Number of protein chains: 2
Amino acid sequence: MSGIKFLFICILLCAVIVGGLIKANIFESSENQNYTKVADSILVYSLQEQIGYKWLRELCDIGPRLSGSEQSIQAIKWAENKFIEMGCDSVWLQPVMVPKWVRGNIEEASVTKSKNFVGRPLNIASLGRSVGTNGVVTEAGVIEVKNFSDFKNFTREQVEGKIVFFNEPFDNSLLGTFRGYGKAVQQRAKGAIEASKLGAIAAIVRSVTSKPDNIPHVGTMSAFPDSVKQIPAAAIGVEDAEFLSKLLYEEPDIEIGIELDCANMGEAQSYNVVAEVKGNEFPNEIIVVGGHFDSWDKGHGAHDDGAPCIQTMEVLHQMIKLDLKPKRTIRCVLFINEENGIRGAIEYARLAEENNENHLAAIESDRGAFIPQGFNIEGDDELIDEMQKWLPILNKAKIDWIRKGGSGVDISRIKNVTAKIGFVPDDQRYFDVHHSANDTFESVNPREMQLGTAAITTLTYLISEEGI
Amino acid sequence: MSGIKFLFICILLCAVIVGGLIKANIFESSENQNYTKVADSILVYSLQEQIGYKWLRELCDIGPRLSGSEQSIQAIKWAENKFIEMGCDSVWLQPVMVPKWVRGNIEEASVTKSKNFVGRPLNIASLGRSVGTNGVVTEAGVIEVKNFSDFKNFTREQVEGKIVFFNEPFDNSLLGTFRGYGKAVQQRAKGAIEASKLGAIAAIVRSVTSKPDNIPHVGTMSAFPDSVKQIPAAAIGVEDAEFLSKLLYEEPDIEIGIELDCANMGEAQSYNVVAEVKGNEFPNEIIVVGGHFDSWDKGHGAHDDGAPCIQTMEVLHQMIKLDLKPKRTIRCVLFINEENGIRGAIEYARLAEENNENHLAAIESDRGAFIPQGFNIEGDDELIDEMQKWLPILNKAKIDWIRKGGSGVDISRIKNVTAKIGFVPDDQRYFDVHHSANDTFESVNPREMQLGTAAITTLTYLISEEGI
């Protein structure tokens, strides 16, 4: 090779390398600029149009969406129509049988034996899965349990024939309210079962809430083992729990009466609602966004989980409306029966496996529609590092962090997902409304809800374009 | 010097240096541990006891605190008593004369000429400083201004004898609601003055709010220059503003009638409330915490600025209750008359200068009692860098950032303060309630409010112990 030829090749090589570097940088920076622009357009559209908030009003007008209820079926049809109207590529229902528990019309309690308080009503509401009182008032003395973990020390002699009153308060001193909930909810989940093992005839449970009003906060109990007799169980408002505790201190031998006509009615036909916008480069790589579409039957189920479901519905709407043409397929799944069975989540995962579907990521929104904070990721550290590079873009919608953490119940059953992601809004007010008549349309702030929509839509778009 | 002596001295020097380093580290880390412990105790006390939230209920029971009103004086006495009860080292009132504007009993508007809508009421509320309509209904045609900055192009011919309807909407597409407010509030501050210059006989202004309900959001106007005739001015609910705009589009020659009996009643005696916990090392170095104690007269003035004032009152309470014995003097100031005069702030600053007081820092809370986010600092970059080292401690109370930014109106007049600091909670819901009947006790969440208390108390303690 002559010296000149060699020099020429060297120059050529340098030019290619430098050119490549420049191109890579320009590409990267123009990509980023593009993402920033898209994130801006998502944010402005979300806040200005407040489409999801308008949908939430319609959904709440239908009523709460207890699994197996007529209203839950109306809501499923409403969502199916919304997906069709917005122009999704495919919309379908996944049939799934769900447990049907009904509250009935009677849930009453009052003091029946006391010096001064006979007839004093107590504000209660049946717990999910509870049996009724067979058309009679269950009347008995009351034994209070101030800390559920102490109940293991109680004896059959203390408990037999009694109504057990689980009265462990929500620990408001903890910064994270989910921690407070996790501690206090054990008495709701397992109290009646443990009480029944020692011969109790009913259980009442202090509402698991950060708000000291008198609204009962309901929720499901764990299923009674076959060997344990099912007893009626109800939540009681915090103010009345405090009253009852004080009364028991003054008069340990009071009695109260409870009447419930809730019942387990076997199973009912229900559905997951599924809709897709197909990816135009990798249509077989699926990104799921979703929440659970069933709710408790007090209030509207607005924060839990109506508004969060709608945030994920709006992801599809914005992909279409803002003409974002995602590279990968974005699928919204409204899972049925999270509250008392997880049947929808199980069935979705079963079908995904059966159909050999490739789930790249799944994003769940089930912590209320409050101001966005971050995303929890179930995935390896390298992946989390990679995703954290998107924070400057996600920050536009108030996302401050991406870190390792639990995602959500409904996406937990799907197998072989590269990243399971939980949207994390602020949690300070969640347990004020959770599972109660406080969880109404009016309790949702449109800007907070729509910022969540923007955060989830932007993350979904980034995953779709960049892959993970 | 012999070789051995030299070696010995070297070893000694090394020992001293290494020892010094170790000691410095140990000291630093044990100090930090101590601060972390204090921050924890402040957080737990704030969330568990919710003292400030209980005080807020008492304050809101007194009613709103319009400058010069009887209720504002009752509230001042209430605060003075609270400071005395909690055991402050000194408590005093600073007399200050404030403008006395009264709303009166009549603020009514309706359509008086139209094909179909004669008699249709419009939901209005007088703006602060407005004159009344002299016992009659001011009736005239209406000219709409959709964007205040366009009003400079309007002519006397268009405006003379008319009621000018400023109808610029709040820009909900902006992430920061204070930016939206800053844009739209110009029409409230200056609209009536500019309208009067062109011969208008009254002005109505679309409520400056992020919430599209029909509650009028009031607030003050700028003072009319002597050369400009004062005309009556009122805020109108957003729904009625939309109605009126649509009606004007269909029937440009409609007329409306307005009757107001608000009035400027000269001046009234009022007071700043001041209380101190003396520093036990540097009693002459003062850290001010505070907010403005007056409010508008719709709702309770709970977020603006009742709860934030109480957050700063609780700083003193916690210093005493948790036995924190601050090195520097911590002074809580409840400034009167921020809303329509800033007289309290001016008088406080005048007295501070007259008495040659040394103000190390001043922290203002006047952005509602929502979930904490950060602190804005008016101070040099080096100081901000220094303070950012406290973030891991402040993060316990949800403080994510410390950065350069505006502090607050009431501390703005104090001279020679090393750091003026503004507490910044989340702003997404603030302008839903601001200056309106929505700003009630019920709109404040106890956990959010108490986290703000913890954030401000922790920062105050750090400044007191570390200096700046």
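Residues numbered from 1 in each chain as written. Chains lettered and ligands numbered in written order. Predicted model: local features only at pLDDT ≥ 70, side-chain atom pairs only at ≥ 80, totals over all residues. Heavy atoms only, no water.

Colleague: I tried to follow the overall build of chain A on my own but got confused; where do I start?
Modeller: Counting its regular elements, chain A contains 13 helices and 16 strands. Along the first, second and third principal axes, the C-alpha atoms of chain A reach 110 × 40 × 40 Å. Counting the 468 residues in chain A, one finds 59% classified as buried. Of the contacts formed within chain A by residues at least 6 apart in sequence, a portion of 82% connects residues at least 24 apart. Considering chain A, the positive charge centre built from 47 side chains and the negative charge centre built from 65 side chains are found 2 Å apart. (Helix = DSSP H or I, 4+ residues; strand = E, 2+ residues; numbered from the N terminus. Buried < 20%, exposed > 50% of the residue type's maximum accessible area, 1.4 Å probe, protein only. Contact = heavy atoms within 4.5 Å. Lys, Arg positive; Asp, Glu negative; His and termini not counted. Charge placed at Lys NZ, Arg CZ, Asp CG, Glu CD.)

Colleague: I'm lost on the layout of surface pockets in this one. Help?
Modeller: Using a probe with the size of a water molecule, rolled over the atoms, empty space left in the structure can be pinpointed. Of the volumes computed, that of the second largest pocket is approximately 1,000 Å³. Residue lining of the second largest pocket: 39 residues in total, with Gln373 and Asp400 of chain A together with Pro372, Gln373 and Asp400 of chain B positioned closest to the centre. Listed by contribution, the elements that provide at least two residues to the lining of the second largest pocket are α5 (177-184), β14 (372-378), β15 (401-404) and β16 (419-425) of chain A together with α5 (177-184), β14 (372-378), β15 (401-404) and β16 (419-425) of chain B. The class makeup of the residues in the lining of the second largest pocket is 14 nonpolar, 11 polar and 14 charged. (1 Å grid on protein atoms, 1.4 Å probe; cavity = no way out; pocket = protein on both sides within 12 Å on 5 of 7 lines; lining within 4 Å. Points joined across faces, edges and corners; volume = space filled by probe spheres on them. Nonpolar A, V, L, I, M, F, W, Y, C, P; charged D, E, K, R; others polar.)

Colleague: Would you mind showing me how to read the relation of the copies chain A and chain B here?
Modeller: With an axial shift of 0.0 Å and an RMSD of 0.0 Å, the rotation relating chain A to chain B amounts to 180°. With respect to symmetry, the two chain copies, as superposed, fit the operation of a two-fold axis. Across chain A, the smallest distance between a C-alpha and the rotation axis is recorded for aspartate 400 of chain A, namely 4.3 Å. A shared binding surface is used by both copies, with 100% of the interface residues of chain A retained as interface residues in chain B. (Least-squares fit on C-alpha atoms with pLDDT ≥ 70 in both.)

Colleague: Where do I start with the pattern of salt bridges in this structure?
Modeller: It is possible for side chains of opposite charge to pair when their charged atoms get near one another. What the rule picks out here adds up to 50 salt bridges over all chains. Between lysine 415 of chain A and glutamate 353 of chain A there is a salt bridge, with its nearest N and O atoms 3.4 Å apart. Here lysine 415 of chain A, found in the loop between β15 and β16, pairs with glutamate 353 of chain A, found in helix α9 (residues 343-354); they are 62 residues apart in sequence, far enough to count as distant. Put simply, glutamate 107 of chain B and arginine 103 of chain B hold a salt bridge, and the shortest N to O gap is 2.8 Å. (Salt bridge = Lys/Arg side-chain N within 4 Å of Asp/Glu carboxyl O.)

Colleague: Explain the interface of chain A and chain B to me, please; I cannot follow it from the model alone.
Modeller: Interface size is often expressed as the accessible area that is lost when the parts come together. Chain A puts 25 residues into the contact, and the matching count from chain B is 25 residues. Of the roughly 2,100 Å² buried where chain A meets chain B, counting both sides, 49% is carbon and sulfur surface. Scanning the region where chain A abuts chain B turns up four salt bridges. The partner of glutamate 448 of chain A in a salt bridge is arginine 429 of chain B, with the nearest N and O atoms 3.6 Å apart. Linking chain A with chain B are 10 residue pairs in polar contact (both at pLDDT 80 or more), by the criterion used here. It is helix α1 (residues 3-49) of chain A that provides the largest number of residues to the side of chain A that touches chain B, a total of four residues. (Buried area = accessible area lost by both parts, 1.4 Å probe. Polar contact = N/O pair within 3.5 Å; in protein donor to acceptor, adjacent residues only side chain to side chain.)

Colleague: Quick question: what am I supposed to make of the state of the cysteines here?
Modeller: Two cysteines whose sulfur atoms are joined by a covalent bond form what is called a disulfide. This structure, assessed with the given rule, holds zero disulfides over all chains. Cysteine 332 of chain A takes part in no disulfide bond, and the closest cysteine sulfur, belonging to cysteine 309 of chain A, lies 7.4 Å away. Cysteine cysteine 60 of chain B remains unbridged, with the sulfur of cysteine 309 of chain B as its closest cysteine sulfur at 11 Å. (Disulfide = S-S within 2.5 Å.)

Colleague: Mind showing me how you'd approach helix α8 (residues 302-321) of chain B here?
Modeller: Along an α-helix, a turn takes 3.6 residues, which lines up residues three or four apart on a common side. Residue and element names in this part refer to chain B. End to end, α8 covers just 25 Å across 20 residues, shorter than the expected 28 Å (1.5 Å per residue, more than 12% under). In terms of burial, α8 is largely enclosed, as 18 of its 20 residues are buried. Positive backbone phi, approximately 55°, marks aspartate 323, located one or two places after α8. (Expected span 1.5 Å × (residues − 1).)

Colleague: Looking at this model, I keep getting lost on the sheet that holds strand β7 (residues 202-206) of chain B. Mind explaining?
Modeller: To summarise the sheet geometry, strands pair through backbone hydrogen bonds and adopt either a parallel or an antiparallel arrangement. Residue and element names in this part refer to chain B. Read across the sheet, eight strands follow the order β3-β2-β9-β5-β6-β7-β8-β4 without closing on themselves; strand pairing throughout is mixed. Whereas interior strands pair on both sides, the edge strands pair on one side only; in this sheet they are β3 (121-122) and β4 (124-126). Set on the sheet, helix α6 (residues 186-197) makes contact with β6 (163-166), β7 and β8 (233-236); between it and β6 the angle comes to about 155°. (Pairing = 2+ DSSP bridges. Axes fitted to C-alpha atoms, helices over the stretch in contact; angles between N-to-C directions.)

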